[in-house]
Amino acid sequence: MEITDFRKDIEGFEEIQKEVAVLRKYAFDYSSQKGRAAQIVDLLHPKRLNLRVAEIRQETPSTKIFHLVSSDSYLPPFQAGQYINLSVEVGGLRTSRPYSIASAPNQIGYYEIAIRRAEDGFVSNFLLDKLQVGDPMESTSPSGNLYYNPLAHGKDLVFLAGGSGITPFMSMIREATERGLDRRIHLIYGSQNPADIIYANELSDRAQQHGNLKMDIVISDPPAGYRGLAGFISGGLIRRLIGEVTAKTFYLCGPEVMYAFCLKELESLGIPRKKTRTEVFGPPKDVTRQPGWPAEVKGDAQFQIVYMGKKSISAKAREPLMISLEREGIVLPASCRSGECSLCRTKLVSGKVFQPRGVKLRKSDQVFGYIHPCLAYPLSDLELR
Amino acid sequence: MTSTDSRRLSMPDYDAVVIGAGNGGLTAALSLAKKGLKVLLLERHNIPGGCATSFVRGRFEFEVALHQLSGMGTEKRPGPLQGILGELGILDKVEFVEMENLYRFVIPGKCDITLRADRAAVERTLQEEFPDEKEAIERFFALVYKFCSEMVSVAFLRDPEASWEKYPTYFKYALKPSQKILDEYFKNPFLKAVLSAYWGYMGLPPRLLPFGDLAVLLWAYIEFKPFHIKGSSQALSNGILDCFLQAGGEVRFNCGAQKILLKEGKIRGVRTEEGNEVGAKYVISNASTLSTYLELIGQENIPGDVLTALGTKTIGPSAFTVFVGMDCTPENLGIKETTNFIGTNIDADQEFARWRTLNQPTFMGLSCYNVSDPDFSPPGTCLVDLVKLQYIDPWLTVPPTQYAEAKYKYAQGMLDIAEKVFPNFQDYIEEIEVGTPLTHMRYLGHPAGAIYGFDQHAKDSPLFEERRSPIPGLFFAGAWVGSGGYQPTLMSGVSAAKAVLKSMAKK
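As the structure is a prediction and not an experimental result, all values here were calculated from the model.

> I'd like a description of the overall build of chain B, backed by residues and values.
Looking only at helices and strands, chain B features 18 helices and 19 strands. Along the three orthogonal principal directions, the C-alpha set of chain B runs to about 80 × 60 × 45 Å. Taking all 507 residues of chain B together, 58% fall into the buried category. Of the contacts made within chain B by residues no fewer than 6 positions apart, 72% connect residues no fewer than 24 positions apart.

Here it is in structure tokens:
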């Protein structure tokens, strides 16, 4: 650009003009960079993963292990403890569920997930009954915040696992033992009965072979004559098993009831909040029993939801909005389905919702009326956008 | 005739489409909507803000990018940004928090100075600390102030009679490297380092940083004070978006632009990532100029000289941030200032070279928002961001499988520096998260994860280049066509909207 006005009199202008003339002559060709940013990001965080079931194994009477491989690219890295959100279509309903990756990050051939049959496991039971080797699957790339953070967690870790909550710990244990990482792990693993302990054999093998892994299994519902540890994972038990509690970081993953119980027990041991890491868990079994639920709204109350100014759908008070929307074919972006990742963030234009404690909303999102529909329940007719 | 056909022939769907809800995109969209135009705002992320966002971990909500908001000013002395946000109706929606001090500058064992955001106090503090250079300090600030008052006349008020004779200070110093002026005025290297500490936020060491840029920043922070935002900069982004929606604007999240559509070289509309085509004669792109031209316009449609002009520029730095939620108060940690520049030495050139490596940094910023806003995190806690600029280059040499380890290692290097100034810093960590240049690339979509667009050498000054797009109907907002940072990008959107309105009025 030729400059003829006052600017040419600014001291140093001529030199700069000369510099620019040279640079133009040897200008970098940015067209070579087209698509590069997306390419690089995709190596770490691709938006979607196309997977295929490569192996299915019956692990316990209630649980199957699935190996998922990439069907078109490669499996991005993850931090031990993270999950993928699997998309599924069950009886015409498109939905998704997060599953922790149980395989170690250093094992890059497949993601292993473990699925346990559950009384109300709409998706889990479908996957257990229908999934075949060779079936295609789709998921998000790995995410989640329950993982070992070397900046804050120290070298002494205590894992409190309940039932299928063992999966993120399995990944961490496999990684630490296989890579010889400088961490001491004590796993306290609660299970209902001794015949249904996921990864029981592998865990005890690893504990025998690696001095930095200890394991205790605690059976909540022991059969007659059971001689191992029994009951709940109480503060007293924890202290007895691990000794000194200070400087240790506690990780917790298991069923809803376990959180309520174990968090109190940890507190009673004087363990500071910063030393307790918990996995998020999905919608509560019965939201109407959550603290703060308004007594006048019954769980099966029906409300009308207007979505994006058009579609009107009906929604039950006791069901997360995300699921009510999915019933009508509206699939919101989702990853955690536990109120944390904010992918499903939606504007509540009018009406009232219930959001259980622990939903991680930004302060200004609360001010300006945004909700996380994966963990928000209608308390009136609503308009969402 | 189908409705799509009729629309294509007659009225476009929108008056304007704004691509990207970063600072510039948000103010651009709001400015147009407030004028009664029908505006569609596209954002590929699920929240507005770009850099001006927050995220939640545990009981903490972390500020992603804002350290000191410039240009706000006080009630008595309102700054340019306050004026603009006032006109846009944002001031009733968002609360701004004034900081008392510019920064504390610490090189442990060697130098520890806190500067108040007040000219007389700054001069006094420096004179007490460096009594030998008492008179030089006075002259330096006289120069900064003289320069800035002339700059306002030349660059902001655009005096048509601007000349060397009328504005000698501006004409002499605008393009000079900062280091040269510092060397001319001062002897003590620590004094020079304290005065140029902002280089670490600006992106070029004093040897390369035009004096005009450093002078204006110092002056602006002193005159208009540094600010923060109640509830993080996400509150500002959410506030602007809320005004936009109230003004009748339409936003689509999780929906980027895939292509800008042209007809006979003019803007015709935008195809979204969802595959919908929307008609509009005006597009304001808040994406980088590079991706706008290369990915959205398409190489075949880029007018002659554009790529050559862009090819003279180098992509600027990204940032590396360690976000820390502490289970103690700032007092427990010994943190007394919101903004701290801390380091192990003051060799800016050596540190700048490190921005292209994974070697432990020697200089960084540490912001503790609770010092000026105790409510920033839950009672008894505080929130600290450790930040330094860094180019993406070294991160491209890290294999994906080793990425997590590499980022923790680098973050540990920064924690080690924090520890030197604030002992036992690491013992109080409750939540900690790390953002690298790759993180910025992921969420911003910018080439090289750049947070300020291109490097801002003297040659890249807006004085010397045409930044308007040669494509009729296409306009830009954001750091890629101006300076980086909150105030410039927020203001760039307003300017882009004005340019669109001017162009509409001509037709």
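> Tell me about the overall build of chain A, and please be specific about residues and values.
Counting its regular elements, chain A contains nine helices and 19 strands. In terms of overall dimensions, chain A has C-alpha extents of about 95 × 55 × 50 Å along its principal axes. For chain A, buried positions account for 40% of its 385 residues.

> Quick rundown of unusual backbone geometry? Include the residues and the values.
Despite not being glycine, A:Tyr199 shows a phi value in the positive range, around 65 degrees. Tracing the sequence through the fold places A:Tyr199 in the loop between β8 (184-191) and α5 (200-209). With 23 C-beta atoms packed within 10 Å, A:Tyr199 lands in the buried category. For B:Lys225, which is not glycine, the phi dihedral falls at a positive 65 degrees.

> Describe the sheet that holds strand β12 (residues 277-279) of chain B, and please don't skip the residues or the numbers.
All names here are of chain B. As summarised here, the arrangement of the three strands in space is β10-β11-β12, forming an open sheet in which the pairing is antiparallel. Either end of the sheet is taken by a strand with one partner, and the two such strands are β10 (257-263) and β12. Averaged over all pairs of adjacent strands, the angle between strand axes in this sheet comes to 30 degrees, irrespective of strand direction. One ladder, built from three bridges, connects strand β11 (residues 266-272) with β12; its direction is antiparallel.

> Run through the environment of B:Val371, naming residues and quoting values.
All names here are of chain B. For Val371, the location among the structural elements is in the loop between β16 (363-368) and β17 (382-390). For the pair formed by Val371 and Ile335, sequence separation is 36 residues and the distance between their alpha carbons is 7.8 Å. Setting aside its immediate chain neighbours within four residues, Val371 contacts Pro330, Ile335, Lys336, Glu337 and Thr338.

> Describe the domain arrangement of chain A, with residues and values.
All names here are of chain A. By domain assignment, chain A separates into domain 1 (43-140), domain 2 (156-278) and domain 3 (287-384). Computed over C-alpha atoms, the centres of domain 1 and domain 3 are 26 Å apart. With eight residues of domain 1 at the interface, the matching set in domain 3 holds eight residues. For the side of domain 1 that touches domain 3, the element with the most residues is strand β4 (residues 93-100), which contributes six residues.

> Can you lay out the packing of helix α2 (residues 36-44) of chain A against helix α17 (residues 437-444) of chain B for me, pointing to particular residues and giving the numbers?
Put simply, α2(A) and α17(B) touch, their axes get as near as 10 Å, and they point 115 degrees apart. By the angle class used here, α2(A) and α17(B) are roughly perpendicular. Regarding α2(A) and α17(B), the two cross each other, and that crossing is left-handed. Residues A:Ala37, A:Ile40, A:Val41 and A:Leu44 of α2(A) lie in contact with α17(B), whose contacting residues are B:Leu438, B:Met441 and B:Arg442. Partitioned by chemical class, the residues of the contact of α2(A) with α17(B) number six nonpolar, no polar and one charged.

> Before we move on, can you summarise helix α7 (residues 178-185) of chain B with the specific residues and values?
Residue and element names in this part refer to chain B. Along α7, the residues that are buried comprise Ser178, Gln179, Ile181 and Leu182. End-on, the buried residues of α7 take up no more than an arc of 165 degrees, which puts them together on one face. Elements that come into contact with the buried residues of α7 comprise α6 (168-173), α8 (189-195) and α10 (211-224).

> Describe the pairing of strand β9 (residues 213-219) of chain A, and please don't skip the residues or the numbers.
Residues and elements named next belong to chain A. Bridging between β8 and β9 involves seven bridges; their strand directions are parallel. Across the sheet, Ser191 pairs through a bridge with Ile219, a residue of β9. Considered for its hand, the β-α-β crossover made up of β8, α5 and β9 is right-handed.

> Hey, could you go over the domain arrangement of chain B for me, with residue numbers and the actual values?
Residue and element names in this part refer to chain B. Looking at the assigned domains, one finds that chain B contains domain 1 (3-94 + 232-312 + 456-506), domain 2 (117-224) and domain 3 (317-444). Each of domain 1 and domain 3 has a C-alpha centre, and the two are 29 Å apart. Among the elements that make up the side of domain 1 that touches domain 3, the one with the highest residue count is strand β4 (residues 60-63) (three residues). Here the side of domain 1 that touches domain 3 is built from residues that sort into three nonpolar, five polar and three charged.

> Run through the sheet that holds strand β6 (residues 136-140) of chain A, naming residues and quoting values.
Residue and element names in this part refer to chain A. Reading across the sheet, the six strands line up as β4-β3-β6-β1-β2-β5 and stay open at both edges, with antiparallel pairing between neighbours. Two strands close off the open sheet at either side, each with one partner strand: β4 and β5 (111-116). Going across the sheet, the axis of each strand differs from the next one's by a mean of 40 degrees, ignoring polarity. Of the pairings in the sheet, the one linking strand β2 (residues 63-70) to β5 comprises six bridges and is antiparallel in character. Opposite Phe66, over in β5, you have Ile113 as the bridge partner.

> Provide a residue-level description of the interface of chain B and chain A, including the pertinent values.
Contacts between the two partners involve 54 residues from chain B and, on the opposite side, 50 residues from chain A. Among the elements that take part in the side of chain B that touches chain A, helix α16 (residues 403-421) of chain B stands out by supplying six residues, more than any other. Residues that form the side of chain B that touches chain A fall into these classes: 27 nonpolar, 15 polar and twelve charged.

> An account of the nonpolar core is needed here, citing residue identities and associated values.
Counting 179 residues, the largest nonpolar core has B:Ala16, B:Val17, B:Ala29, B:Val39, B:Val283 and B:Ile284 as the members making the most contacts within it. Among the elements that take part in this core, α10(B) stands out by supplying ten residues, more than any other. For B:Val283, the residues in contact, after removing those within four places along its chain, are B:Ala16, B:Val17, B:Ile19, B:Ile260, B:Ile267, B:Val270, B:Gly473 and B:Leu474. Grouped together as the second largest cluster of nonpolar side chains are 56 residues, A:Leu49, A:Phe78, A:Tyr111 and A:Ile233 included.

> Any chance you could break down the environment of B:Asn276 for me, citing the residues and the numbers?
Residue and element names in this part refer to chain B. Here Asn276 is to be found in the loop between β11 and β12. The partly exposed category is assigned to Asn276, around which 13 C-beta atoms lie within 10 Å. A C-alpha to C-alpha distance of 9.5 Å links Asn276 and Gln258, two positions 18 residues apart in sequence.

> Got a sec to walk through the confidence of the model for chain B? Specific residues and values, please.
Of the residues in chain B, 98% reach a pLDDT of 70 or more, and the chain-wide mean stands at 95. What the predictor reports for the complex is a pTM of 0.96 with an ipTM of 0.96.

> Just give me the short version of the environment of B:Trp355, but keep the residues and values in it.
All names here are of chain B. One can find Trp355 in the loop between α15 (348-354) and β16. Accessibility expressed as a C-beta count within 10 Å gives 22 for Trp355, which makes it buried. Along the chain, Trp355 and Gln390 lie 35 residues apart, while their C-alpha atoms are 4.4 Å from each other. Setting aside its immediate chain neighbours within four residues, Trp355 contacts Pro317, Leu389, Gln390 and Tyr391.

What counts, and where the lines are drawn
- Residues numbered from 1 in each chain as written.
- Chains lettered and ligands numbered in written order.
- Predicted model: local features only at pLDDT ≥ 70, side-chain atom pairs only at ≥ 80, totals over all residues.
- Helix = DSSP H or I, 4+ residues; strand = E, 2+ residues; numbered from the N terminus.
- Buried ≥ 20, exposed ≤ 12 C-beta atoms within 10 Å, placed from the backbone.
- Contact = placed C-beta atoms within 7 Å.
- Pairing = 2+ DSSP bridges.
- Axes fitted to C-alpha atoms, helices over the stretch in contact; angles between N-to-C directions.
- Domains from an automatic or database assignment.
- Parallel < 35°, antiparallel > 145°, perpendicular 65-115°, else oblique.
- Left-handed = near helix turned anticlockwise from the far one by under 90°.
- Nonpolar A, V, L, I, M, F, W, Y, C, P; charged D, E, K, R; others polar.
- Arc of directions from axis to C-beta.
- Right-handed = clockwise from strand over helix to strand, strands pointing away.
- Core = buried A, V, L, I, M, F, W, Y, C linked by C-beta atoms within 7 Å.
- pLDDT = per-residue confidence, 0-100.

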